[in-house]
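In case you want the letters, here they are:
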Amino acid sequence: FLYALVASFLIFEMGVQVSPSIMTSKLMADLNIGTFGLGLMSGVYFYTYAFFQTPSGILFDNFNPRKIIAFSILTCSLGSLAFDLSPNVIVSALARLLMGAGSAFAFVSVLVVTADLFQNKYFAFITGITQMLAALGAMSGQIPLSKLVNVIGWRHTMVVLAMIGFVLALLIWIFLTYQKEHHLSSEENL
């Protein structure tokens, strides 16, 4: 259950990551930008996403995973809300930076919870499942998001994503309480 809960963060962040790709024409029209502005605004997400990869590992090594994961989801969700409210490309780019910063913790969070809760011999298998979920999140997130954008618009779609994130952060805060156990590898058992 806890693995599925944290993996939901990964799937959520992949939806947030790819969201501009399904709203390009609407973003360009609403924010009055061309393809260069759209590419820049969408791409800045990866600046903070890449930057926070190493700090995320350091933070997980030193602090409670529940707090880090909940705060990361909240950061990503606040970025989604800010994106919804953005009046121009500058504010929307800043919102994308915030989304990237929060999203950077998603994959590492699943690895940390996997390492904490499962025996070492399952780590590679569960990591493979996790990578598959990330790819499925990116692929399958576009279909429901594009339908949602067509029905309620891109701004309301970002609010829906933010609300999903807020609920997920709350669920993580409530349920992700466990005592870290040391799982011996098969060689250590001998």
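Remember, predicted model here, so these are calculated numbers, not experimental data.

Draft legend 1. View of the overall build of the protein chain. Broken down by element type, the protein chain carries eleven helices and zero strands. If you list the helices and strands of the protein chain from N to C, you get α-α-α-α-α-α-α-α-α-α-α. Taken over C-alpha atoms, the radius of gyration comes to 18 Å for the protein chain, in line with the 16 Å a tight globule of 190 residues would show. Based on the C-alpha atoms only, the size of the protein chain along its principal axes is roughly 65 × 30 × 30 Å. The burial tally for the protein chain puts 46% of its 190 residues in the buried class.

Draft legend 2. Here's a closer look at the side chain of Thr-130. Structurally, Thr-130 is set in helix α9 (residues 123-152). Residue Thr-130 is classed as buried on the basis of its relative accessible area, which comes to 1%. At 2.8 Å, the side chain of Thr-130 and the backbone oxygen of Ile-126 are in polar contact. Not counting residues up to four positions away in its chain, the partners in contact with Thr-130 are Tyr-3, Leu-10, Phe-107 and Val-110.

Draft legend 3. Just the packing of aromatic side chains, in detail. What the rule picks out here adds up to nine aromatic pairs. With 6.3 Å between their ring centres and 75 degrees between their planes, Phe-46 and Tyr-49 make a pair best called edge-to-face. Of this pair, Phe-46 and Tyr-49 both sit in helix α4 (residues 45-51), three residues apart, which is roughly one turn of the helix. Here Phe-46 falls in the partly exposed class, since its relative accessible area comes to 38%. When the ring centre of Trp-173 is taken as origin, the NZ or CZ atom of Arg-66, which lies over that ring, is 3.8 Å away.

Draft legend 4. Quick look at helix α6 (residues 65-85). With 21 residues, α6 extends 30 Å between its outermost C-alpha atoms, agreeing within 8% with the 30 Å of an ideal straight helix rising 1.5 Å per residue. If you check the start of α6, you find a side-chain oxygen 2.7 Å away from the backbone N of Arg-66, and it comes from Asn-64.

Draft legend 5. Here's a closer look at the side chain of Ser-42. Here Ser-42 shows up in helix α3 (residues 35-43). With near-sequence residues (within four places) excluded, Ser-42 lies in contact with Pro-20 and Arg-96.

Draft legend 6. Region of interest: the nonpolar core. With 50 residues, the main nonpolar core has Ile-69 and Phe-83 as its most contacted residues. Looking at this core element by element, the count peaks at eleven residues for helix α1 (residues 2-18).

Parameters and conventions
Residues numbered from 1 in each chain as written. Predicted model: local features only at pLDDT ≥ 70, side-chain atom pairs only at ≥ 80, totals over all residues. Heavy atoms only, no water. Helix = DSSP H or I, 4+ residues; strand = E, 2+ residues; numbered from the N terminus. Rg over C-alpha atoms; globule rule 2.2 N^0.38 Å. Buried < 20%, exposed > 50% of the residue type's maximum accessible area, 1.4 Å probe, protein only. Polar contact = N/O pair within 3.5 Å; in protein donor to acceptor, adjacent residues only side chain to side chain. Contact = heavy atoms within 4.5 Å. Phe/Tyr/Trp six-rings, centres within 6.5 Å; stacked < 30°, edge-to-face > 60°. Lys NZ or Arg CZ within 6 Å of the ring centre and 35° of its normal. Expected span 1.5 Å × (residues − 1). Core = buried A, V, L, I, M, F, W, Y, C linked by side-chain atoms within 4.5 Å.

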